[in-house]
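# A look at the structure
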Amino acid sequence: MKMTDVHCHILPGVDDGAKDAMETRSMLEMAWNEGIRTIFATSHYDSEMGTGIWKKRKEALEQTRQMAAEISPELKIASGAEIFFSEKAVEELEKGRIWTMNQSRYVLVEFFPGEEFFYIQRGLQTLQYKGFWPILAHVERYEELMEKERVRELAFMGVFLQTNASSVIGRNGRRVKKHLRCLLKERLIHFVGTDAHGSRHRRPLMAECAAYIEKKTDREYCRKICRENAGKIIWREYIHV
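Below is a short write-up of the structure. Since the model is a prediction, treat every value here as computed from it, not as a measurement.

### What to know about unusual backbone geometry
Unlike most non-glycine residues, N102 shows phi in positive territory, near 55°. Along the polypeptide, N102 turns up in the loop between α3 (87–94) and β4 (106–110). Residue classification places N102 among the buried positions, given a relative accessible area of 14%.

Given below as C-alpha cells:
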C-alpha cells in the first residue's frame, strides 16, 4: 500500500532531525522502501525561534525535494511544521508567518507531554476559533490523554489526532500500545506518522504499523489513516469524520 507520512523531521540541519543531507537521503530511501510516497516535512517550531528561520527551511525543503526526485519522481515532499503551542504562535499563524501543512488550514501542533488536559483542550479550541484545523501530534505522549474519554472528547470537538507508527507497534511500551489499540478500534485516530528524526533514531518505518492496523481494524480504515486523510491535506479539503 502506498502511504503518506504526515509527521517527519527530514529536512537537513534545521532541528533535531536529520543532521545533514546524507542523513536526509538515507531517510528518504528508507521511506521509499517502506511504501511511503509523500512525506510532510514537519520541523519543530516554537515562537522563541522567531520567523527568520523560514528562509533556511525553504532552502532545505527544496534540497530535500531534489533528493526525493532522484530516488523517484513519485516521492513527494510537502511543507509543514510541528508547532509548539503558545498564544504567540497562534498570532504568528494568523499573520501567515508560520508554515501550515501544505499551506492549508491544517496545523500540526504539540504541547508539553505533562500538560493539563484543559490547557490542551483550550489551546486546540483557540486554533479552531482562528479558523485553523488542528492536528494533535503524537496523541499517545500526553499522560492526560491516556484516558480514552478525553481523547474522544477532543475528536468530537473536531480535533484531528495523529499517532506515531512506532508507538502503534509497541516501541513505547505495552501500556501505550494497548491504549492506541483501543483508540484505533474506536476509529479515533485520523493520521499515522513516523515522527522520524533520523535513519537510526525513530526511523521512518510504516509498513509494520500499517499491517498491524489492518489486522486489528480493517483495510479501509487502515488506508484512510495511512494515506487518504493525508490526501485531504494535500488538496486542502476538510476531513469529515
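Resuming the write-up.
### Focus on the packing of aromatic side chains
Remark: the centre distance and the inter-plane angle together describe each pair of aromatic rings, the angle taken between the planes. Taken as a whole, this structure holds 12 aromatic pairs when the rule is applied. When the ring of W54 is compared with that of W99, the centres are 5.0 Å apart and the planes differ by 35°; the resulting orientation is tilted. Placement of W54 in helix α2 (residues 54–71) and of W99 in the loop between α3 and β4 is noted, with a sequence separation of 45 residues between them. Judged by its relative accessible area of 8%, W54 is buried. Through successive ring pairs, a cluster of aromatic residues spans Y106, W133, F160, F191 and Y238.

### A few points about the sheet that holds β4
Across the sheet, which stays open at both edges, the 7 strands sit in the order β1-β2-β3-β4-β5-β6-β7 with parallel pairing between neighbours. The sheet terminates laterally at β1 (3–8) and β7 (191–193), the two strands that pair on one side only. Within this sheet the neighbouring strands show an average axis-to-axis angle of 30°, counted without direction. In this structure, β1 lies alongside strand β2 (residues 36–45), joined through 4 bridges in parallel fashion. What sits directly across from D5, in β2, is I39.

### Thoughts on the packing of helix α8 (residues 207–216) against helix α9 (residues 219–234)
As a packed pair, α8 and α9 sit with axes 7 Å apart at the nearest point and diverge in direction by 140°. Looking at the two axes, α8 sits oblique to α9. For the crossing formed where α8 meets α9, the hand is right-handed. Across the interface between the two elements, A210, I213 and E214 from α8 touch R219, Y221, C222, I225 and C226 from α9. Class assignment for the residues of the contact of α8 with α9 results in 6 nonpolar, no polar and 2 charged.

### Remarks on helix α1 (residues 21–34)
The terminal C-alpha atoms of α1 lie 20 Å apart, and with 14 residues this matches the ideal 20 Å at 1.5 Å per residue to within 8%. Structurally, α1 contributes buried residues whose contacts are with β1, β2, α2 and β3 (76–84). A side-chain oxygen of the first residue of α1 lies 3.2 Å from the backbone nitrogen of M22; this N-cap is D20. G35 sits one or two residues past α1 and shows a positive phi near 100°.

### Regarding the packing of α1 against α2
The relative placement of two packed helices comes down to the angle between their axes together with the axis-to-axis distance. Orientation of α1 relative to α2, taken along the N-to-C sense of each, is 45°, at an axis distance of 10 Å. By the angle between their directions, the pair α1 and α2 is classed as oblique. Considering the relative orientation of α1 and α2, their crossing is right-handed. Contacts between α1 and α2 involve A21, T24, R25, L28, E29 and W32 from the first element and Q63, T64, M67, A68, E70 and I71 from the second. Tallied by class, the residues present in the contact of α1 with α2 amount to 6 nonpolar, 3 polar and 3 charged.

### Some details on the pairing of β1
With 6 of its 6 residues buried, β1 lies for the most part within the structure. Handedness of the crossover joining β1 and β2 through α1: right-handed.

### Focus on the nonpolar core
Most often, soluble globular proteins keep nonpolar side chains buried together rather than apart. I39, L136, V139, I189 and I213 are the most contacted members of the largest nonpolar core, which has 66 residues in total. Of the residues forming this core, the biggest block, 5 residues, is contributed by α2. With residues up to four places along the chain from it excluded, the contact list for L136 reads V109, F111, Y142, L145, L154, V159, F160, L161 and Q162.

Here is what the cut-offs are and how they apply
Numbers given to residues run from 1 along each chain, matching the order in which its sequence is written. The predicted nature of this model means local features are confined to residues of pLDDT at least 70 and side-chain atom pairs, given and counted, to a pLDDT of 80 or more, with totals for whole chains, interfaces and linings taken over all residues. For side-chain calculations, the full set of non-hydrogen atoms in the structure is used, while hydrogens and water are omitted. Helical segments are the DSSP runs of H or I of at least four residues, strand segments are the runs of E of at least two, and each set is numbered from the N terminus. The cut-offs for exposure are 20% and 50% of the maximum accessible area for each residue type, with area from a 1.4 Å probe on protein chains only; residues under the lower value are buried, those over the upper are exposed, and the others partly exposed. Stacked, tilted and edge-to-face are the three classes applied to pairs of Phe, Tyr and Trp rings, where Trp contributes its six-membered ring and a pair requires centres within 6.5 Å; stacked means planes under 30 degrees apart, edge-to-face means over 60, and tilted covers the rest. Strands are labelled as partners when DSSP assigns at least two bridges between them. Interaxial angle, 0 to 180 degrees, is taken between N-to-C directions of lines fitted to C-alpha atoms, where a helix line uses only the stretch in contact. In this scheme, roughly parallel covers angles under 35 degrees and roughly antiparallel covers those over 145, while 65 to 115 is roughly perpendicular and the rest are oblique. It is the rotation of the near helix from the far one that decides the hand of a crossing: anticlockwise by less than a right angle makes it left-handed, clockwise makes it right-handed. Any two residues whose heavy atoms approach within 4.5 Å at even a single point are treated as in contact. We call Asp, Glu, Lys and Arg charged. Ala, Val, Leu, Ile, Met, Phe, Trp, Tyr, Cys and Pro are nonpolar, and the rest, Gly among them, are polar. A helix's residues, less one, multiplied by 1.5 Å, set its expected span. Any pair of N or O atoms that falls within 3.5 Å is considered a polar contact. Within protein, one atom must be able to donate a hydrogen and the other to accept it, and sequence-neighbouring residues count only if both atoms are side-chain atoms. We call a crossover right-handed when, viewed with both strands directed away from the observer, the connection leading from the first strand over the helix to the second proceeds clockwise. Nonpolar core, defined: a set of buried Ala, Val, Leu, Ile, Met, Phe, Trp, Tyr and Cys residues in which side-chain atoms within 4.5 Å join the residues together.

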